[in-house]
Amino acid sequence: MSICLNVNGEERSFHGAPLTPLLDVLRDEFFLTGAKAVCREGFCGSCTVHVDGLPTLSCLRPVGLLENSAILTIEGLGISGNPSPLQKALEDHDAVQCGMCFPGMVMSLTAFLEQAPDATGADIKHALIGNICRCTGYERIIEAALSLRVPTPSVEGMP
Amino acid sequence: MPEPKSDSLYIAGSVADAVAALADRGSDGAALAGATWAMRAPIRGDRQARSHVAISKIAELRTIEVSDKEVVIGSCVTHAELARRLEPIPELRGLAMAAGSSANPAVRQVATVGGNLCTADFAAADLVPALLCLDAAVEIETSDGSARLAIADFLMRRTSLGSASLVRRIIIPLRPMLSAHARLPLRKAGDYPVAIVSLSIETRRDGTIAAARIGVGSVEAVARRWSRLEEALIGTPRDAILAGEQAQASAGTFTGRDGIDAPSWYRVMVLPTLVRRAFELLDQ
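Note that the structure is predicted; figures quoted are calculated from it, not measured. (Residues numbered from 1 in each chain as written. Chains lettered and ligands numbered in written order. Predicted model: local features only at pLDDT ≥ 70, side-chain atom pairs only at ≥ 80, totals over all residues.)

Caption draft 1: A look at the overall build of chain B. Each helix and strand in chain B was counted, giving 12 helices and 12 strands. Since a compact globule built from 284 residues should have a radius of gyration of about 19 Å, the 19 Å found for chain B is in line with a globular shape. By its C-alpha atoms, chain B is 60 × 45 × 30 Å across when sized along the principal axes. The buried share among the 284 residues of chain B stands at 48%. Within chain B, contacts between residues separated by at least 24 positions form 63% of all contacts whose residues are at least 6 apart in sequence. (Helix = DSSP H or I, 4+ residues; strand = E, 2+ residues; numbered from the N terminus. Rg over C-alpha atoms; globule rule 2.2 N^0.38 Å. Buried ≥ 20, exposed ≤ 12 C-beta atoms within 10 Å, placed from the backbone. Contact = placed C-beta atoms within 7 Å.)

Caption draft 2: How the structure looks around the overall build of chain A. Of regular secondary structure, chain A possesses 6 helices and 5 strands. When the helices and strands of chain A are read in sequence order from the N terminus, they spell out β-β-α-β-β-β-α-α-α-α-α. For 159 residues, the compact-globule estimate of 2.2 N^0.38 gives 15 Å, and chain A sits close to it at 17 Å. Referenced to the eigenvectors of the C-alpha coordinate spread, the extents of chain A come out at roughly 60 × 35 × 30 Å.

Caption draft 3: Summary view of helix α3 (residues 85-92) of chain A. Residue and element names in this part refer to chain A. Looking at α3, one finds that the buried residues are L86, Q87, A89 and L90. Looking down the long axis of α3, one finds its buried residues gathered within 160° of arc, a one-sided arrangement. In α3, the exposed residues that point more than 90 degrees away from the buried face are E91 and D92. Looking at the buried positions of α3, the neighbouring elements they touch are α4 (102-115) and α6 (139-146). Backbone geometry just downstream of α3 places D94 in the positive-phi region, at approximately 55°. (Arc of directions from axis to C-beta.)

Caption draft 4: Expanded view of unusual backbone geometry. For N8 of chain A, which is not glycine, the phi dihedral falls at a positive 55°. Along the chain, N8 of chain A falls in the loop between β1 (2-7) and β2 (10-15). Positive phi, normally seen in glycine, also occurs at S218 of chain B, with a value near 75°. Tracing the sequence through the fold places S218 of chain B in the loop between β11 (209-217) and β12 (224-225). Here S218 of chain B falls in the buried class, since 28 other C-beta atoms lie within 10 Å of it.

Caption draft 5: A look at the interface of chain B and chain A. Each side of the interface is counted separately: chain B has 20 residues, and chain A has 25 residues. Of all elements in the fold, only α2 (36-44), β3 (51-54) and α5 (105-108) of chain B reach the threshold of two or more residues within the side of chain B that touches chain A. Considering only residue class, the side of chain B that touches chain A consists of 11 nonpolar, 7 polar and 2 charged. (Nonpolar A, V, L, I, M, F, W, Y, C, P; charged D, E, K, R; others polar.)

Caption draft 6: Structural detail: the environment of L72 of chain A. Residues and elements named next belong to chain A. Following the sequence through the fold, L72 ends up in strand β5 (residues 70-72). The spatial distance from the C-alpha of L72 to the C-alpha of V51 is 6.5 Å, given a sequence separation of 21 residues. Leaving out residues up to four positions away in the same chain, L72 has contacts with N8, V49, H50 and L77.

Caption draft 7: Quick peek at the packing of helix α10 (residues 240-250) of chain B against helix α12 (residues 271-282) of chain B. Residues and elements named next belong to chain B. One way to put it is that α10 packs onto α12 with a least axis distance of 8 Å and a crossing angle of 155°. On the basis of the axis angle, α10 is roughly antiparallel to α12. The interaxial crossing formed by α10 with α12 has right-handed handedness. In this structure, α10 contributes A240, I241, A243, G244, A247 and Q248 to the contact, and α12 contributes L271, P272, T273, V275, R276, F279 and E280. Counted by class, the contact of α10 with α12 contains 8 nonpolar, 3 polar and 2 charged residues. (Axes fitted to C-alpha atoms, helices over the stretch in contact; angles between N-to-C directions. Parallel < 35°, antiparallel > 145°, perpendicular 65-115°, else oblique. Left-handed = near helix turned anticlockwise from the far one by under 90°.)

Caption draft 8: Layout of the pairing of strand β5 (residues 70-74) of chain B. All names here are of chain B. Where strand β4 (residues 64-66) and β5 come together, 3 bridges link them in antiparallel fashion. By the bridge assignment, V66 is partnered in β5 with V71. Remark: 3 residues form the turn of the hairpin made by β4 and β5, two consecutive strands paired antiparallel. Judged from the 5 bridges that link them, β5 and strand β8 (residues 165-173) form a sheet pairing that is antiparallel. Looking at the pairing, G74 lines up with R169 of β8. (Pairing = 2+ DSSP bridges.)

Caption draft 9: Structural detail: the sheet that holds β1 of chain A. Residues and elements named next belong to chain A. Spatial strand order, β2-β1-β5-β3-β4: 5 strands in an open sheet with mixed pairing. Each edge of the open sheet is held by one strand with a lone partner, namely β2 and β4 (54-57). For this sheet, the mean inter-axis angle between neighbouring strands, taken without regard to orientation, is 40°. Bridge count between strand β3 (residues 48-51) and β5: 2 bridges; the pairing is antiparallel. Counted as the bridge partner of H50 is L72 from β5.

Caption draft 10: Geometry of the environment of E81 of chain B. Residue and element names in this part refer to chain B. Along the chain, E81 falls in helix α3 (residues 79-86). Accessibility expressed as a C-beta count within 10 Å gives 20 for E81, which makes it buried. Residues E81 and L274, spaced 193 residues apart in sequence, show a C-alpha to C-alpha distance of 26 Å.

Caption draft 11: Geometry of the pairing of strand β10 (residues 193-203) of chain B. Residues and elements named next belong to chain B. Burial of β10 is extensive: 9 of the 11 residues sit out of reach of the surface. Across 8 bridges, strand β9 (residues 178-185) lies against β10 in antiparallel orientation. Pairing of A180 across the sheet is with L199, part of β10. Alignment of β10 against β11, held across 8 bridges, turns out to be antiparallel. Among the inter-strand pairings, T203 is bridged to a residue of β11, identified as I209.

As structure tokens, this is what we get:
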């Protein structure tokens, strides 16, 4: 089966079994190894990428269902020397340890903070239930995300 | 990593197309919706179909229709979409809670209502008890035509319906009721729940309970209604503590399942607490 994908703005094609996980296509065919193969069951979030704008567990998506989809991986989000605001915040807060979970963390948080820029710590924790970290205890990750918070402006006189 | 055995994927354009494709493939074929369970099959050593018929692109299976009398949900509606669309409907708050708390955010974006119903080996499916307590009906399409089954009947027959059958939609009658969904995962986040209580309550003008429907999931292999508790609650005030006490008296009707996450006795032991929590959620 031949599948056309747009990966990080570039038209790519895959020729192979349609139930090949997107994760394996990205890593083994396109050499985009930012998404990590860890649990392969959708629990850990290390393989998270964006598919048509939605955070997606690439280990659970068969490439055969993704014809003409727009895929954004960590490699397309920020590049060396020009990190995204979230990536910079994570660096500034010294949040990264082994780094295994962080591509997935960044992809999940990037999408979440775009739709909830005023998210609280509790909101961020809830959004990250599908991203497991064994190193950090999550505290600095949450602090970094909160440092980007844009509070909802209050309108005078409104209850 | 284990290679997927499936060597073919057919993307169906309509329900009729999908049923015909499944009939062609017989026992070698399987419907593919959100694909979350199919993609785990190699690593879990589960049976894998040789050929899949993808149904998630069929537009009518992704719709939700709301009227005064009922809500009709296409089988490929995702958990995330279901939670979003049901949020404004107070009678279906329990189902919205179930859909909005299952698995994790990314899985909810692709996992479907139909998949949650059809995965017979998945005892901890959140949507099943939530639909049980709403007296949902399941409409299936086969090569012999359509059939509508009460959800309890569907759960008993789902593994014997034949390979050329497809869940088309789920129909929920709307009544003046309140509903809630209480689940107990081992951690606050990200685990399958060890026990689930979903309930819908209709009350009389004096505030006493006129009807109670209680679905229990993950305690046994297949979710079911808690008939004894439902009968015991009729005529009683809508009170969380009283409901918990009534649940304590009849929890023994369940035979819990042992699992790597929790032993059988624990799943039964927590049921009265979950009933109390579900009643408390009705008031929130």
